[in-house]
Amino acid sequence: MILAKEELFAKLAESAPGLTTVVTPNLRLAQELAREFDSAQLARGLTVWNAPDILPFGAFLVRAYEDEFYTGTARMPMLLSPLQEQSLWQQAVEASEWSAGLLSPAQTAAAARDAWNKAHEWRIEGALQSWPGSEDTQAFSQWSRVYSKRTVEGGWIDSARLAGTVADWLKDGASKRPSTLVTYAFDIMPPQLRDFMAACRSAGVDVVTCGPTGVASTPSRIACKSPADELECAANWARARLEAGAGRIGVVVADLALRRNEVQRVFSRVMQPGYNLPGSHKQALPFNISLGAPLADHPLVDAALAVLELAGATAANEMDFARLSRMVRSPFIKGAEAEMATRARLDSALRESAHARLTLPRLLASISMSRVSCPLLAHQLGAVFEYAKHNTPGLKAPHEWVRHFSALLSAAGFAAGRTLDSEEFQTRAKSHDLLAQFAALDGVVPKMGFGTALAHFRRLCADTLFQPARFGKGSETPIQVLGVLESAGLEFDHLWVSGLTDEAWPLAQRPNPFIPAALQRKAGIPEASAETALELDRRITAHWFAAAREVVVSHPQRENDRDLAPSPLIASINATGWDALGVTRVESYRDRLHAERSLETIADGWAPALVTKTPRGGTRILVDQAACPFRAFAKHRLSARPLETPAPGLDAAARGQLLHSLFAGVWGALRSQAGLEQALSEGTLDSVIETAARAAVARVREDRPGRVEQRFAELECERLARLAREWLELERGRTPFEVVAREEKRQLEIGGLSLSGRIDRMDRLEQGGYALIDYKTGRASPNEWLDARPDDPQLPLYAISASEDISAVVFAKVRPREMRFMGLSRDANALPKVKPAQAWDGLLRHWEDALAELGEEFASGDARVDPKRPLKTCEHCGLQPLCRVYERYGVLEEGADESGDAE
């Protein structure tokens, strides 16, 4: 029997509670049908009516099971939750011979569970063991045997077999059943569903079908410039229809799972242009995205997981600083509102001294030594540490770990002292629900350690999609943004279907890899063959055309550098322009400001002149001035610094400091090439190198406390010793020389400035003159000294300022298997492979003029955003948010130099 929707609503209105039940393919359709029924009752002038019994088919089976479980007399099998099923499948996968070759047993187990459900849905589970197939199907056959045996032994039943079990109960006279069971909008009726309905009829239940009414429409096709433009068009169209009074507006996005964040951003901006302005109040927007975000990505749950991870972090499993930073600044740890600004400053301080990965004890030590005090945060984290220290060891059952997790969060004062908003409250409630599900794994999984338990719970949060509900006035969202399959059976006043290119629609065949493809085709599974998949997508397309009076289908014409064509299922519809829809695009704040601009030109590239001749910053001032005047102004006059990001081990600057200290120590002992030869002949060179290496590492450990642990310090000493030995072999090949200056501080006068500097090394050469040497491990080129704005101008500055007769200026490139001198000299053969300059005196005059001009520019207040090489110069500057250079230039990937020059 087939009912029209109006007849269905009349039957629901007349039936006593529980006598008529409507089942749908999914929860969204059940909710929408209930909403339509309520609207129909309001239209009849009613104020009170019985709630209709409308629910997804899966929920109907679970309810039938629970009714029989609590009222039946026979011993019932225990119904497994989805998480319990997943855990059993994962155990079967991990215990098999195939597990060693799997990247993710958890994901494989989830795919195996889907295959198991599909096999039962299409009644082909009996053929899995005998049907020939691939290695994947053989593995699944083995896993399914283990899984099935385990469920039988445990007295359990899963969702895949629940329909057959409930059908048997109905045949045997189950105590509770509806008089009428309505199947609504089932476009596909798999054999399991057909058999269940047949069993219901045999048990005396009146089974009828119903579906959307359908309306006549003339679809429009819009060809948009790009996928981004297509979303903008759809959002503007939805807003226009909403403002015209429409109550049910649908937007289907073909690749919603991949573009959810983009959809959220575009629709938010169109519906409320100022939604993300600082100080704006959070308001409920008139659209809903059907696909939720992983629960683990919600800030409250992310912070809770971070607290638990930190509590269990060990030396072998430390916590990444980026994650720890978010936790420190989280508003959910007690005292956050009182210490909000202070915790931000603490985070900045920790970035300068903390390791890239930390444990809780080391974090507490870093906080106690920090110049920024956060007593409330330290107290809460200390309470977490004390509880974890006395309660973590050993293997525990899931329910015991749930209690442990809750106690750790309580010790942190998690979400205490803060009034949660609606979304945060619902998120916390959902996380509690997941904890309850995790606790229900008792008896299904063995006892486990802290790390395994937390990994299970973290994965559960990551796999659970969640979207907070809206409550109160206006809680029914007029604009629904949906995926392709979620739109099935829904009806709207207006519908826009986007992304219908020939690559995206119709969908390609996608047989389940764990079930033999031939068996799937024989069973008639639509996704198993191109023909049946195409026929299903034709039906879905026909439903869209009948789902609303206005239907718009769209597709992008280009994506990046590729031309795109419309889907063959919509190509017959004549394409119309955007103007034909009669929609005006919502003006963005940016466009409005640009249109209403009243431009005033000011010279913002000049600051007040410097009032002192001895600014702080030393020779780095000229380095930065040559790179970009604004960089020099921001760093050395505004004291602007980018936030540091702790890196594993030592960063480039620290390694450069090590190198300079190493050779300062080596040449402090050797003094000259003759001293080098003497130490080598006497066998004391290794001792000299080792002593210098240890002193260099000790100096860095003193300057950067906590960054270099003892175990890494030894390795660093060995690395430095290897570098020194290889470099000193090169030094032996030089003409005789004497090292007359090491890390020598000097005061330099240039361009009206008096700058402090430090000469890394100066050698007196046998043929006369002196050589200035600077150690480098990264990229460096003497050719860059020849520009009007010389790169790395410290050596040229020392050369023109020194009272000594400077005859060579060189970089010492200290890199394994690439050791060499690079630079310019006055005399031939001054240093190995260093070519003489064409005009040494002219070069010195060029440096003097160029560096004097740089000094005068800085002193006069030059602060122009003028990077010497825009993309390269700006990459590692860190001041881009301040100067906004990114509005003109993009980003390049370049390597870092670890020369680490110090003043």
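Preceding block: the structure.
Anyway, here's the lowdown on the structure attached to this text. (Residues numbered from 1 in each chain as written. Predicted model: local features only at pLDDT ≥ 70, side-chain atom pairs only at ≥ 80, totals over all residues. Heavy atoms only, no water.)

### Section: the overall build of the chain
What the chain contains, in helices and strands, is 31 helices and 25 strands. C-alpha extents for the chain along the principal axes are approximately 110 × 70 × 55 Å. Considering only intrachain contacts with a sequence separation of at least 6, the fraction spanning at least 24 residues in the chain is 77%. (Helix = DSSP H or I, 4+ residues; strand = E, 2+ residues; numbered from the N terminus. Contact = heavy atoms within 4.5 Å.)

### So, the environment of Asp229
Relative to the elements of secondary structure, Asp229 occurs in helix 9 (residues 227-243). Once the C-alpha coordinates of Asp229 and His555 are considered, the two residues, 326 residues apart in sequence, prove to be 9.9 Å apart. Apart from residues no more than four positions distant in its own chain, Asp229 is found in contact with Cys224 and Arg585. Within the structure, the side chain of Asp229 is placed 2.8 Å from the side chain of Arg585, a separation counted as a polar contact. (Polar contact = N/O pair within 3.5 Å; in protein donor to acceptor, adjacent residues only side chain to side chain.)

### Details of a negative patch on the surface
Taken together, Glu848, Asp849, Glu853 and Glu856 make up a surface patch of like negative charges. Residue position: Glu848 is located in helix 29 (residues 840-860). Owing to a relative accessible area of 44%, Glu848 belongs among the partly exposed residues under this scheme. (Patch = residues over 30% accessible without salt bridge, like charges linked within 9 Å, V, L, I, M, F, W, Y side chains within 5 Å. Areas by Shrake-Rupley, 256 points an atom, 1.4 Å probe, with all protein chains shown as cover. Salt bridge = Lys/Arg side-chain N within 4 Å of Asp/Glu carboxyl O. Lys, Arg positive; Asp, Glu negative; His and termini not counted. Charge placed at Lys NZ, Arg CZ, Asp CG, Glu CD. Buried < 20%, exposed > 50% of the residue type's maximum accessible area, 1.4 Å probe, protein only.)

### With respect to the pattern of salt bridges
In this structure the tally under the stated criterion is 62 salt bridges. The salt bridge partner of Glu243 is Arg239, with a shortest N-O separation of 2.9 Å. Here Glu243 and its partner Arg239 are both found in helix 9, four residues apart, which amounts to about one turn of the helix. Of the residues examined, Glu243 reaches a relative accessible area of 56% and is grouped as exposed. In this structure, Arg826 engages Asp827 in a salt bridge whose closest nitrogen and oxygen atoms are separated by 3.4 Å. What you see here is one network of salt bridges that share partners, running through Lys5, Glu36, Arg248, Glu491 and Asp493.

### Concerning the pairing of strand 25 (residues 820-825)
In terms of residue burial, strand 25 counts as a mostly covered element, since five of its six residues are buried. As paired elements, strand 24 (residues 806-813) and strand 25 share six bridges and run antiparallel to each other. Across the sheet, Lys813 pairs through a bridge with Arg820, a residue of strand 25. Here strand 24 hands over to strand 25 after six residues, with Arg817 in that stretch at a positive phi of 65°. (Pairing = 2+ DSSP bridges.)

### Points about helix 17 (residues 422-439)
Over its 18 residues, helix 17 extends 26 Å from the first C-alpha to the last, a length consistent with the 26 Å expected when each residue adds 1.5 Å. Listed as buried for helix 17 are Glu424, Gln426, Thr427, Ser431, Leu434, Leu435 and Phe438. If you follow the buried residues of helix 17, they end up packed against helix 4 (82-94), helix 11 (299-312), helix 16 (398-411), helix 18 (450-463) and strand 14 (465-466). The N-cap residue of helix 17 is Asp421: its side-chain oxygen and the backbone nitrogen of Glu423 are 3.2 Å apart. (Expected span 1.5 Å × (residues − 1).)

### As for helix 5 (residues 105-121)
A rise of 1.5 Å per residue sets the reference length of helix 5, with its 17 residues, at 24 Å; its end C-alpha atoms lie 24 Å apart and thus fit the reference within 8%. Within the sequence span of helix 5, burial applies to Ala106, Thr108, Ala109, Ala112, Arg113, Ala115, Trp116, Ala119 and His120. The elements touched by buried residues of helix 5 are helix 4, helix 6 (135-154), helix 8 (191-202) and helix 18. Within two residues after helix 5, Arg123 carries a phi angle of roughly 55°, on the positive side.

### A short note on the packing of aromatic side chains
Inspection of every chain in the model, using the stated rule, returns 30 aromatic pairs. Measuring from centroid to centroid gives 5.5 Å for Trp116 and Tyr147, while their planes differ by 75°, and the two rings are edge-to-face. One end of the pair, Trp116, is in helix 5; the other, Tyr147, is in helix 6, and 31 residues separate them in sequence. The burial state of Trp116 is the same as that of Tyr147; both residues are buried. Each ring, one from Phe405 and one from Phe450, has its centre 5.9 Å from the other, and the planes form 85°; the classification is edge-to-face. With a gap of 45 residues between them, Phe405 in helix 16 and Phe450 in helix 18 connect regions that are remote in the sequence. Residue Phe450 is classed as buried on the basis of its relative accessible area, which comes to 10%. Ring pairs connect the aromatic residues Trp89, Trp116, Phe140, Trp143, Tyr147 and Phe514, which therefore count as one cluster. The aromatic ring of Trp401 is capped on one face by Lys396, whose charged end is 4.8 Å from the ring centroid. In this arrangement the basic side chain of Arg585 is found over the ring face of Trp578, its NZ or CZ atom lying 5.3 Å from the centre. (Phe/Tyr/Trp six-rings, centres within 6.5 Å; stacked < 30°, edge-to-face > 60°. Lys NZ or Arg CZ within 6 Å of the ring centre and 35° of its normal.)

### Here's the deal with the packing of helix 11 against helix 18
Packing of helix 11 against helix 18 brings their axes to within 11 Å, and their N-to-C directions diverge by 170°. Between helix 11 and helix 18, the angle falls in the class roughly antiparallel. Relative to helix 18, helix 11 is oriented so that their crossing is left-handed. Here helix 11 contributes Val301, Leu305, Leu308, Glu309 and Gly312 to the contact with helix 18, which in turn contributes Phe450, Leu454, Phe457, Arg458 and Cys461. Residues of the contact of helix 11 with helix 18, tallied by class, amount to seven nonpolar, one polar and two charged. (Axes fitted to C-alpha atoms, helices over the stretch in contact; angles between N-to-C directions. Parallel < 35°, antiparallel > 145°, perpendicular 65-115°, else oblique. Left-handed = near helix turned anticlockwise from the far one by under 90°. Nonpolar A, V, L, I, M, F, W, Y, C, P; charged D, E, K, R; others polar.)

### Observations concerning the sheet that holds strand 22 (residues 753-765)
Pairing is mixed in the open sheet, where five strands are placed in the order 21-22-23-24-25. Edge strands, defined here as strands with exactly one partner in the open sheet, are strand 21 (737-750) and strand 25. Taken over all neighbouring pairs, the strand axes of this sheet differ in orientation by 35° on average, direction set aside. Sitting on the sheet, helix 24 (residues 652-670) touches strand 21, strand 22 and strand 23 (770-776), and the angle it makes with strand 21 is about 130°. Packing against the sheet, helix 29 makes contact with strand 21, strand 22, strand 24 and strand 25, and its axis sits at approximately 70° to strand 24.

### Here's the deal with the side chain of Thr137
Here Thr137 lies in helix 6. Residue Thr137 is classed as buried on the basis of its relative accessible area, which comes to 8%.

### Some remarks on the sheet that holds strand 8 (residues 220-224)
With parallel pairing, the seven strands of this open sheet are ordered in space as 10-15-9-16-17-8-20. Here the strands that pair on one side only, and so sit at the sheet edges, are strand 10 (287-289) and strand 20 (575-576). On the sheet, helix 20 (residues 530-545) packs against strand 9 (249-253), strand 16 (494-498) and strand 17 (550-556) and is oriented at approximately 130° with respect to strand 17.

### Thoughts on the packing of helix 17 against helix 18
At a closest axis distance of 11 Å, the pairing of helix 17 and helix 18 adopts a crossing angle of 130°. Taken as axis vectors, helix 17 and helix 18 run oblique relative to one another. At the point where helix 17 passes helix 18, the crossing takes the right-handed sense. Contacts between helix 17 and helix 18 pair Ser431, Leu434, Leu435 and Phe438 from the former with Ala453, His456, Phe457, Leu460 and Cys461 from the latter.

### Focus: unusual backbone geometry
Put simply, Trp505 and Pro506 share a cis peptide bond, and its omega is 5°. In this fold, Pro506 is placed in the loop between strand 16 and helix 19 (517-523). Within the chain, Arg817 stands out as a residue other than glycine whose phi angle is a positive 65°. With respect to the element layout, Arg817 can be found in the loop between strand 24 and strand 25.

The quantities given are spatial measurements derived from coordinates; they are silent on function.
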